[in-house]
Amino acid sequence: MDIASVPKVPFQGPGDEDPNWVELYHRLFRGRYLFLGKPLDKQAADQIIKSMIYLNQENKSEDFLFFLQCRGGGMTLGVAVYDTMQYVTGEVSTIGIGLNASMGAFLLHGGTLTKRAVTENARVMIHQPHMSPYDNPPGPLGSGFDAFYMRNLRQYVARIYAKTTKQNFRLIYQLLERDIYMGPDDAIEFGLVDQIGVEGLNWPEAQYVNIEPYDDTNGSIFMD
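Residues numbered from 1 in each chain as written. Predicted model: local features only at pLDDT ≥ 70, side-chain atom pairs only at ≥ 80, totals over all residues. Heavy atoms only, no water.

An unreviewed UniProt entry lists the protein chain under the name ATP-dependent Clp protease proteolytic subunit, with Amentotaxus formosana as the source organism. Per UniProt, the protein chain has the following entry under Catalytic activity (unreviewed entry): "Hydrolysis of proteins to small peptides in the presence of ATP and magnesium. alpha-casein is the usual test substrate. In the absence of ATP, only oligopeptides shorter than five residues are hydrolyzed (such as succinyl-Leu-Tyr-|-NHMec, and Leu-Tyr-Leu-|-Tyr-Trp, in which cleavage of the -Tyr-|-Leu- and -Tyr-|-Trp bonds also occurs)." (UniProt positions renumbered as here; feature names shortened; annotations may be inferred.)

Student: Got a minute to help me understand the packing of aromatic side chains in this structure?
Tutor: Remark: the centre distance and the inter-plane angle together describe each pair of aromatic rings, the angle taken between the planes. Inspection of every chain in the model, using the stated rule, returns five aromatic pairs. Taking the centre distance of 6.3 Å and the plane angle of 20 degrees together, the rings of phenylalanine 29 and tyrosine 54 count as stacked. Taken as a pair, phenylalanine 29 in helix 1 (residues 24-30) and tyrosine 54 in helix 2 (residues 42-58) lie far apart in primary sequence, 25 residues in all. Note on phenylalanine 29: relative accessible area 25%, which makes it partly exposed. On the numbers, 5.7 Å between centres and 45 degrees between planes, the contact of phenylalanine 169 with tyrosine 173 is tilted. Of this pair, phenylalanine 169 and tyrosine 173 both sit in helix 6 (residues 169-175), four residues apart, roughly one helical turn. (Phe/Tyr/Trp six-rings, centres within 6.5 Å; stacked < 30°, edge-to-face > 60°. Helix = DSSP H or I, 4+ residues; strand = E, 2+ residues; numbered from the N terminus. Buried < 20%, exposed > 50% of the residue type's maximum accessible area, 1.4 Å probe, protein only.)

Student: In this structure, what is going on with the UniProt feature "active site" (unreviewed entry) in the protein chain? I would like to understand it.
Tutor: UniProt records the feature "active site" (unreviewed entry) at His127, using the numbering of this structure. Looking at the secondary structure, you find histidine 127 in the loop between strand 8 (123-126) and helix 5 (143-165). Histidine 127 sits in the buried class, given a relative accessible area of 15%. Aside from chain neighbours lying at most four places away, what touches histidine 127 is Ser102, Leu176, Arg178 and Asp179. Within polar-contact distance, the side chain of histidine 127 engages the side chain of serine 102 at 3.0 Å. (Contact = heavy atoms within 4.5 Å. Polar contact = N/O pair within 3.5 Å; in protein donor to acceptor, adjacent residues only side chain to side chain.)

Student: Would you explain helix 3 (residues 75-87) in this entry?
Tutor: It helps to recall that an α-helix has 3.6 residues per turn; residues three or four apart then point in one direction. Between its first and last C-alpha, helix 3 extends 18 Å over 13 residues, near the 18 Å set by a 1.5 Å rise per residue. The set of residues buried in helix 3 consists of Met75, Leu77, Gly78, Val79, Val81, Tyr82, Thr84 and Met85. (Expected span 1.5 Å × (residues − 1).)

Student: I would appreciate a short explanation of the pairing of strand 3 (residues 33-36) in the present structure.
Tutor: Across a regular strand the side chains alternate sides, sitting on one face of the sheet and then on the other. Two elements, strand 3 and strand 4 (residues 64-68), share four bridges in a ladder whose sense is parallel. Bridge pairing in strand 4 links tyrosine 33 to leucine 65. Between strand 3 and its parallel partner strand 4, the chain crosses via helix 2, and the hand of that crossover is right-handed. (Pairing = 2+ DSSP bridges. Right-handed = clockwise from strand over helix to strand, strands pointing away.)

Student: When you look at helix 2 in this model, what are you seeing that I'm missing?
Tutor: Over its 17 residues, helix 2 extends 24 Å from the first C-alpha to the last, a length consistent with the 24 Å expected when each residue adds 1.5 Å. Within the span of helix 2, buried status applies to Ala44, Ala45, Ile48, Ile49, Ser51, Met52, Leu55 and Asn56. Taken around the axis of helix 2, the buried residues stretch over an arc of 165 degrees, which confines them to a single face. Turned more than 90 degrees away from the buried face of helix 2 sit Lys42 and Lys50, all of them exposed. For helix 2, the secondary structure elements touched by its buried residues are helix 1, strand 3, strand 4, helix 3 and strand 5 (92-96). (Arc of directions from axis to C-beta.)

Student: Explain the environment of aspartate 63 here, please?
Tutor: By secondary structure assignment, the location of aspartate 63 is in the loop between helix 2 and strand 4. Once the C-alpha coordinates of aspartate 63 and glycine 90 are considered, the two residues, 27 residues apart in sequence, prove to be 4.4 Å apart. Here the side chain of aspartate 63 touches glutamate 91 through a polar contact of 2.9 Å, landing on its backbone nitrogen.

Student: Would you explain the side chain of glutamine 128 in this entry?
Tutor: Tracing the sequence through the fold places glutamine 128 in the loop between strand 8 and helix 5. On the basis of relative accessible area, glutamine 128 is assigned to the buried category, the value being 16%. Polar side-chain contacts of glutamine 128 include one of 3.1 Å to the side chain of glutamate 177.

Student: It is not clear to me how the sheet that holds strand 8 should be interpreted in this structure. Could you clarify?
Tutor: The strands that make up a sheet are held in pairs by hydrogen bonds between backbone atoms, and each pair lies either parallel or antiparallel. Judged by pairing direction, the sheet is mixed, and its three strands sit side by side in the order 6-8-9 without closing on themselves. Strand pairing shows two members of the sheet lacking a second neighbour, strand 6 (99-101) and strand 9 (180-182), which therefore form its edges. The mean inter-strand angle of the sheet, taken between neighbouring strand axes irrespective of direction, is 15 degrees. (Axes fitted to C-alpha atoms, helices over the stretch in contact; angles between N-to-C directions.)

So, in structure tokens, the structure goes:
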């Protein structure tokens with residue numbers, strides 16, 4: 001993305017005497033807004049994990065808002081992000097928009113209980129986790145090890161689903177043998193999410209500041 005096309009917004013950080021104009025993505029990061037809008041690959045997983053750990057070490061009590069529109073991705077990567085979500089001490093509110101499938105559904109359901117939401121037009125799909133192109137490791141790891149490791153991860157995902165949704169483990173394992181698509185009401189009834197819409201979630205307090213309009217002498221920062 002052309003850096004000139006990134007909007008700038010006013011932000012006054014801790015210890016700043018005056019607000020500054022910063023890029024929108026910097027403001028979202030400082031507000032603990034996280035986004036996953038594509039299949040989960042290594043780059044996206046690394047960014048989410050590093051951001052959550054850094055922000056948690058900076059303030060262990062502040063909460064996160066994690067927006068997801070993820071059609072799947074690597075199983076090892078998804079489990080790593082899920083484990084990080086459980087590690088941080090701040091609550092993680094997850095908001096599903098669009099379609100969240102496979103590892104996207106697993107991460108959506110992995111938010112703090114009572115803090116998992118989907119929009120009215122969102123959909124969720126669960127199925128048996130399997131090896132994906134995002135899981136292909138570089139180097140000489142043998143296929144025997146891969147099969148053993150992936151089998152353990154599949155069992156781990158199924159156990160987590162059963163624990164979180166309060167469903168029978170055997171039922172979960174049977175359902176995961178095929179693609180199960182759910183609308184918002186079905187996802188709530190199954191126990192994957194808690195509510196439709198974001199009312200009641202932990203939104204960070206907006207920092208409204210008085211500042212002169214941004215002066216971009218090199219051209220508008222917004223696309224006409």
